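As a plain string of letters, each chain reads:
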Amino acid sequence: MRLVQGYTQSILVPQLRSLGLNQRQRKIVAEDVTKRLESLLSHWSDVPFRRTVLAIGSEEAAFWEPSSANLDIRSLVVVAVRNSLVTDLNATRAYTTALRSPREFLPDHQMPWITGEAINYFQTANLDTVQVQPKRDLFGSLSRRFPNAWHVLSLLGNSSEREIACNLPMAKAEPVDFSRCRAGDNNFKDVEAGFDPNLNDYLADVLRKTERKELAVFFSLSFKWITRNPEKLLAIIDHILRFGGTVVTPNYLLSPVYLARRHPLLRPAHFASEIAAQVTNPDGLSERHRDALASLGL
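The rules behind these values
- Residues numbered from 1 in each chain as written.
- Predicted model: local features only at pLDDT ≥ 70, side-chain atom pairs only at ≥ 80, totals over all residues.
- Heavy atoms only, no water.
- Helix = DSSP H or I, 4+ residues; strand = E, 2+ residues; numbered from the N terminus.
- Rg over C-alpha atoms; globule rule 2.2 N^0.38 Å.
- Buried < 20%, exposed > 50% of the residue type's maximum accessible area, 1.4 Å probe, protein only.
- Contact = heavy atoms within 4.5 Å.
- Pairing = 2+ DSSP bridges.
- Salt bridge = Lys/Arg side-chain N within 4 Å of Asp/Glu carboxyl O.
- Axes fitted to C-alpha atoms, helices over the stretch in contact; angles between N-to-C directions.
- Core = buried A, V, L, I, M, F, W, Y, C linked by side-chain atoms within 4.5 Å.
- Expected span 1.5 Å × (residues − 1).
- Parallel < 35°, antiparallel > 145°, perpendicular 65-115°, else oblique.
- Nonpolar A, V, L, I, M, F, W, Y, C, P; charged D, E, K, R; others polar.

(A) Examining the overall build of the chain more closely. Per the secondary structure count, the chain includes 13 helices and five strands. Since a compact globule built from 298 residues should have a radius of gyration of about 19 Å, the 19 Å found for the chain is in line with a globular shape. C-alpha extents for the chain along the principal axes are approximately 50 × 40 × 35 Å. Burial status across the chain gives 55% buried among its 298 residues. Considering only residue pairs separated by 6 or more positions, the chain has 68% of its internal contacts joining residues 24 or more positions apart.

Here's what the structure looks like:
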């Protein structure tokens, strides 16, 4: 697709070259971004589908620059560029073996350069007229594989309401693979590789306890603190909701019967030191959301 190739070849690949990636590494990252962009853009004219997928990234995108760009465009860049193998370049130890390096390829302070250039590129295009047939549709199967998570994200993405009644389908979902867990002692995120599709020990324990009804509420600072891997994020949300649990962040509350969002959203925290200020901030919260955060005792 010319639009996507125009971005990867004229903007992304030169950026990756300047960051010090070799030809093979540049190809790996560019191909992953291409697959994600083509998959998402192939559904762009299906507005309910689009808004469901973009709900994964909207809390982050709301604070991205340039702010003049449409929120859908900024969310597109979160979901298809930032939440791609680009995130491996920002990791202490990349999940992808070929992208591992003694140094961090993409420091935090350079990430707005990557995302800002992508937003500038796509906001000039008329995406409503784009027609693309992806070689592999990475997003098209999510509603079937994780129907409960898809249901709540669809409600959030296609409504501006602060509180939404939810009738979870409680449908059978793709089972979580507990067999490939890795050690991890951080309570809220994948420290080294946010793109790693495998569960760390902490997340695996959360899901097992939720299944056994030993844990009712799972807290994270934001969706990105759970994982930047879209499939993994939906798998975790789906499992927790299907077994009667609740996912709570400073911006969202997701339960089988009730959804809430803060209005206006808070900028997702970047450091653990921000936890207390975000959790105790009552601005824009529904009463149930505020009570859920207060009950955490953080």
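(B) Local environment of the pairing of strand S5 (residues 258–261). Side chains of S5 alternate between two faces, with Tyr 258 and Ala 260 and Leu 259 and Arg 261 buried alike. Across three bridges, strand S1 (residues 163–165) lies against S5 in antiparallel orientation. If you follow Glu 163 over to S5, its bridge partner there is Ala 260. Examined bridge by bridge, strand S4 (residues 252–254) and S5 share three bridges and lie antiparallel to one another. In the sheet register, Leu 254 faces S5, and the bridge partner there is Leu 259. Linking S4 back to S5 in an antiparallel pair, the connection comprises three residues.

(C) Representation of the pattern of salt bridges within the structure. Taken as a whole, this structure holds ten salt bridges when the rule is applied. Here Arg 50 makes a salt bridge to Asp 72, at a shortest N to O gap of 2.8 Å. Separated by 22 residues along the polypeptide, Arg 50 in helix H3 (residues 47–54) and Asp 72 in helix H5 (residues 71–82) bring together distant segments of the chain. Comparing Arg 50 with Asp 72, the two get one shared label, buried. The shortest N-O distance in the salt bridge between Glu 214 and Arg 212 comes to 3.0 Å. Overlapping salt bridges, with partners in common, bring together Arg 50, Asp 72 and Asp 128 in one network.

(D) Up close: the sheet that holds strand S2 (residues 217–219). Pairing within the open sheet is mixed, and its five strands lie in the order S1-S5-S4-S3-S2. Unpaired on one side and paired on the other, S1 and S2 mark the two borders of the sheet. With strand direction ignored, the average angle separating the axes of adjacent strands in the sheet is 15 degrees. Set on the sheet, helix H8 (residues 147–157) makes contact with S1, S4 and S5; between it and S5 the angle comes to about 45 degrees.

(E) Looking closely at the nonpolar core. Tyr 7 and Leu 76 are the most contacted members of the largest nonpolar core, which has 78 residues in total. Not counting chain neighbours up to four residues away, the residues in contact with Leu 76 comprise Leu 37, Leu 40, Leu 41, Trp 44, Leu 54, Val 81, Phe 122 and Leu 127. Tyr 258, Ile 275, Val 279 and Leu 293 belong to the second largest nonpolar core, which has 13 residues in total.

(F) Region of the structure containing the side chain of Thr 96. Residue position: Thr 96 is located in the loop between H5 and helix H6 (111–122). The class for Thr 96 is buried, based on a relative accessible area of 17%. Look past the residues within four positions of Thr 96 in its chain and what remains in contact with it is Leu 85 and Asp 88.

(G) Quick look at H6. A rise of 1.5 Å per residue sets the reference length of H6, with its twelve residues, at 16 Å; its end C-alpha atoms lie 17 Å apart and thus fit the reference within 8%. Buried residues of H6: Met 111, Ile 114, Thr 115, Gly 116, Ala 118, Ile 119, Tyr 121 and Phe 122, and no others.

(H) Focus on the packing of helix H9 (residues 201–211) against helix H11 (residues 230–242). At a closest axis distance of 9 Å, the pairing of H9 and H11 adopts a crossing angle of 25 degrees. Compared by their axis directions, H9 and H11 come out roughly parallel. Taking contact as the criterion, the partners of Leu 203, Val 206, Leu 207, Thr 210 and Glu 211 in H9 are, on H11, Lys 232, Ile 236, His 239 and Ile 240. Broken down by class, the residue content of the contact of H9 with H11 amounts to five nonpolar, two polar and two charged.

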